[in-house]
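Commentary on secondary and tertiary structure
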Amino acid sequence: MDKTLSYIEEHGERFLQELFDLLRIPSVSADPAYAADVQRAAEWIAENMRQIGLDAVEVLPTPGHPIVYGEKIISPNAPTVLVYGHYDVQPADPLDLWDSPPFEPVIKKTDIHPDGAIFARGACDDKGQMFLHIKAFEAMWQTGELPCNVKFMIEGEEEVGSEHLGLFCKENNEKLSCDVILISDTSIFSNEVPTITTGLRGLSYVEVEVTGPNRDLHSGVYGGAVANPINVLARMIASLHDEKHHITIPGFYDKVEIISEEERQLLNSVPFDKEAYKKDLGVAALEGEEGYTVIEQTAIRPTLDVNGIWGGYIGEGSKTVLPSKAFAKISMRLVPHQQSDEITDLFAKHFESIAPPSVKVKVTPHHGGEPAVTPIDTKEYRAAERAMEKSFGKKPLPLRSGGSIPIVALFEKVLGAKSILLGFGLDSDAIHSPNEHFGLFNFRIGLKTIPWYHHFYAELKQNSKTA
Ligand code: BES
Ligand code: MN
Ligand code: MN
């Protein structure tokens, strides 16, 4: 790996400039106004892939945003790593909360990133992390040190639920055949405590509409006798948790995996600092399910959160109105072995059942996804462990994450391969928020870790073949 690592040293500055070019393209998948930019980002990646020697590079259209594919097959007998990532980003708003424009990347120092961090929408999630794989490939290929086959599948719809990727995988099963899927779209615990993500939560997402009277009413003339749908919605939402912060939907916990004492101990072995956590978030106290640590609350326990709530008058000044309708978007994070469709059904039935006769409710499901776990007694995992040990100089700990990448569970089902979640971001990097950033330390260590992954994976697989 010597030549690869010196190549990275030598070309690191250019890699960064290239990433800046990609970050300047506002590939917001959720907003149709950016469709042309999403397309442009896909083409930019394809062009970069072609330049560095990847074969069969294509921008493949889907009914939504395109998928970028590229590969290098060095030998039919060598193991194949399929790299997955996404080039789409979350909307940047609220824009006025950014200290610098979201699509004009700049490097700034922070307390957590004293060496500097790249500030831009997508810097961490996931352009910056995805791009590490393209550049790591470039370094290995250009120096003749690529030890295995590599395929790239970079999508443009992750942030909107990967709607068309499932079918794409089914239809291209052969083309995508691989031994392992490698993904950098998660976090490490801290720059001092490297971790490998061994679990992702699933997701069930619904929108609710509560309708009271058939029109907006004068809140003086009618108020007091007619149900206000916003009051009712607030009451219904409040009833979804009890005083111990358990979710009250009947059957919600029925299938929740009971984690062994041993794994709970392992999870809690990272040096979590509750005071620092509160300080970083600017809160005086935390609030979560009784009987679980913060790590457990976000990693192995399911949750229910309102993501948005609206209705009535929210313009300038005041308007006295008893609105006809109220709305909310509600997400539930799921853990093994809860199933997204089942939980959505349980939610809908319960929500309808608790509605008072004074209102009508409508529950509309949005995209969902299943949880995923990665076993740690495999070659795939061990290669990641060794790679991080090389780059960080210490052995990484396994840690489940609270986030979701719904396509991971589907990969396992459709492609029959496990995913290794070798992320390099930090939870504090403000992904999905204003001032998203990605540390230069994280960028550089990611670039080094990935070639070591390929190296150790090829070695471990090769040994098992000849043994
Ligand atoms: N990369 C994130 C998921 C993530 C972030 C996992 C940090 C672990 C640590 C991904 O892009 C994402 O934002 N996923 C969405 C789900 C999707 C269906 C919109 C999520 O978790 O909200
Ligand atoms: Mn992501
Ligand atoms: Mn995301």
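First things first, this report covers the structure right here in the doc.

Scoring rules and cut-offs
Residues numbered from 1 in each chain as written. Chains lettered and ligands numbered in written order. Predicted model: local features only at pLDDT ≥ 70, side-chain atom pairs only at ≥ 80, totals over all residues. Heavy atoms only, no water. Helix = DSSP H or I, 4+ residues; strand = E, 2+ residues; numbered from the N terminus. Rg over C-alpha atoms; globule rule 2.2 N^0.38 Å. Contact = heavy atoms within 4.5 Å. Areas by Shrake-Rupley, 256 points an atom, 1.4 Å probe, with all protein chains shown as cover. Donors = N, O, S within 2.8 Å, 3.2 Å for Na, K, Ca; no water. Tetrahedral: all angles 85-135°; square planar, octahedral: opposite > 155°, others 65-115°. Buried < 20%, exposed > 50% of the residue type's maximum accessible area, 1.4 Å probe, protein only. Phe/Tyr/Trp six-rings, centres within 6.5 Å; stacked < 30°, edge-to-face > 60°. Lys NZ or Arg CZ within 6 Å of the ring centre and 35° of its normal. Salt bridge = Lys/Arg side-chain N within 4 Å of Asp/Glu carboxyl O. Near = heavy atom within 4 Å. Polar contact = N/O pair within 3.5 Å; in protein donor to acceptor, adjacent residues only side chain to side chain. Nonpolar A, V, L, I, M, F, W, Y, C, P; charged D, E, K, R; others polar. Domains from an automatic or database assignment. Core = buried A, V, L, I, M, F, W, Y, C linked by side-chain atoms within 4.5 Å.

Brief notes about the overall build of the protein chain
Of regular secondary structure, the protein chain possesses 12 helices and 20 strands. In terms of overall dimensions, the protein chain is globule-like: its C-alpha atoms have a radius of gyration of 24 Å, near the 23 Å expected for 467 residues. C-alpha extents for the protein chain along the principal axes are approximately 80 × 50 × 45 Å. Counted over contacts in the protein chain with a minimum sequence separation of 6, partners at least 24 positions apart contribute 79%. Here the protein chain has roughly 20,800 Å² of accessible surface; of this, 51% comes from carbon and sulfur atoms.

Here we look at the coordination of the manganese ion (ligand 3)
Each protein donor to the manganese ion (ligand 3) is listed here as Asp 125 (OD), Glu 159 (OE), Glu 159 (OE) and His 432 (NE2); together their distances run 2.1 to 2.5 Å. Bound by 6 donor atoms, the manganese ion (ligand 3) shows angles of 56 to 155° at the metal and therefore irregular coordination geometry. Going along the chain, you hit the donors of the manganese ion (ligand 3) in the pattern D-x33-E-x272-H. For the pair the manganese ion (ligand 3) and the manganese ion (ligand 2), the metal-to-metal distance amounts to 3.6 Å, and Asp 125 bridges them. With a gap of 273 residues between them, Glu 159 in the loop between β6 (149-155) and α4 (165-171) and His 432 in the loop between β19 (425-426) and β20 (437-439) connect regions that are remote in the sequence. Note on Glu 159: relative accessible area 14%, which makes it buried. Overall, His 432 belongs to the partly exposed group, its relative accessible area being 40%.

What about the packing of aromatic side chains?
Overall, the coordinates contain 12 aromatic pairs when judged by the stated rule. Ring geometry for Phe 137 versus Trp 141: centroids 6.3 Å apart, planes at 10°, classification stacked. Here Phe 137 pairs with Trp 141, and both are found in helix α3 (residues 127-142), just 4 residues apart, close to one helical turn. Take Phe 137: its relative accessible area is 1%, and that puts it in the buried class. Taking the relative accessible area as the measure of exposure, Trp 141 reaches 32% and is therefore partly exposed. Between the aromatic rings of Phe 252 and Tyr 253, the centroid separation amounts to 5.2 Å while the plane-to-plane angle is 80°, which identifies the pairing as edge-to-face. Judged by relative accessible area, Phe 252 falls into the buried class, the value being 1%. These aromatic residues form a ring-pair network of at least three members: Phe 137, Trp 141 and Phe 152. Between Lys 108 and the ring centre of Phe 119, over which it is positioned, the NZ or CZ distance is 4.6 Å. A cation over a ring is seen here: Lys 175 above Tyr 69, with NZ or CZ 4.4 Å from the ring centre.

Let's talk about the pattern of salt bridges
One pass over the full model with this rule turns up 21 salt bridges. A salt bridge links Glu 18 to Arg 14; the nearest nitrogen and oxygen atoms lie 2.8 Å apart. With a gap of 4 residues between them, Glu 18 and Arg 14 both fall in helix α1 (residues 2-23), about one helical turn apart. Between Arg 400 and Glu 257 there is a salt bridge; the shortest N-O distance is 3.4 Å. In this pair, Arg 400 sits in strand β17 (residues 397-400) while Glu 257 sits in the loop between α5 (229-238) and α6 (261-267), placing the two residues 143 residues apart along the sequence. Given a relative accessible area of 7%, Arg 400 falls into the buried group. Linked by salt bridges that have partners in common, Arg 14, Glu 18, Lys 135 and Glu 138 make up one network.

A word on the site of ligand 1
Taken together, 18 residues sit near ligand 1, with Glu 158, Asp 185, Arg 333, Ser 404 and His 432 positioned nearest. In the model, an oxygen atom of ligand 1 is placed 2.7 Å from a nitrogen or oxygen of the Glu 158 side chain. Notes on ligand 1: free accessible area 520 Å², of which the protein chains cover 90%. Split into classes, the residues belonging to the shell around ligand 1 amount to 5 nonpolar, 8 polar and 5 charged. Looking at which domains feed residues into the shell around ligand 1, each of domain 1 (2-200 + 371-466) and domain 2 (202-257 + 300-368) supplies at least three.

Thoughts on the environment of Ser 419
Here Ser 419 lies in strand β18 (residues 419-421). Along the primary structure Ser 419 and Lys 319 are separated by 100 residues, whereas in three dimensions their C-alpha atoms are 53 Å apart. Setting aside residues no more than four positions away along its own chain, Ser 419 makes contact with Ile 181, Ile 183, Thr 374, Val 408 and Phe 411.

A look at the coordination of the manganese ion (ligand 2)
Around the manganese ion (ligand 2), the donor atoms from the protein are His 86 (NE2), Asp 125 (OD), Asp 185 (OD) and Asp 185 (OD), and they sit 2.0 to 2.4 Å away. Geometry at the manganese ion (ligand 2) is irregular, judged from its 6 donor atoms and the angles of 56 to 167° they form at the metal. Here the donor residues of the manganese ion (ligand 2) share one chain and are spaced in sequence as H-x38-D-x59-D.

Describing the nonpolar core
The tendency in soluble globular proteins is for nonpolar side chains to be buried as a group. Counting 66 residues, the largest nonpolar core has Ile 45, Met 49, Tyr 87, Phe 152 and Tyr 453 as its most contacted members. Sorting the residues of this core by element identifies α1, α2 (35-51), β3 (80-86), α3, β6, β7 (180-183), α10 (379-392) and α12 (440-466) as the ones contributing at least two each. At 11 residues, the largest contribution of residues to this core is made by α12. Core analysis: the second largest hydrophobic core is formed by 24 residues, Ala 227, Ile 237, Ile 343 and Ala 348 among them.

Describing helix α7 (residues 274-281)
Its side-chain oxygen at 3.0 Å from the backbone nitrogen of Glu 275, Asp 273 defines the N-terminal cap of α7. Residue Gly 282 follows α7 closely and has a positive phi angle near 70°.

Examining the side chain of Ser 391
Considering the arrangement of structural elements, one finds Ser 391 in helix α10. Relative accessible area serves as the criterion here: at 19%, Ser 391 is assigned to the buried category. Among the polar contacts made by the side chain of Ser 391, one reaches the side chain of Thr 449 at a distance of 2.8 Å. Apart from residues no more than four positions distant in its own chain, Ser 391 is found in contact with Ile 445, Lys 448 and Thr 449.

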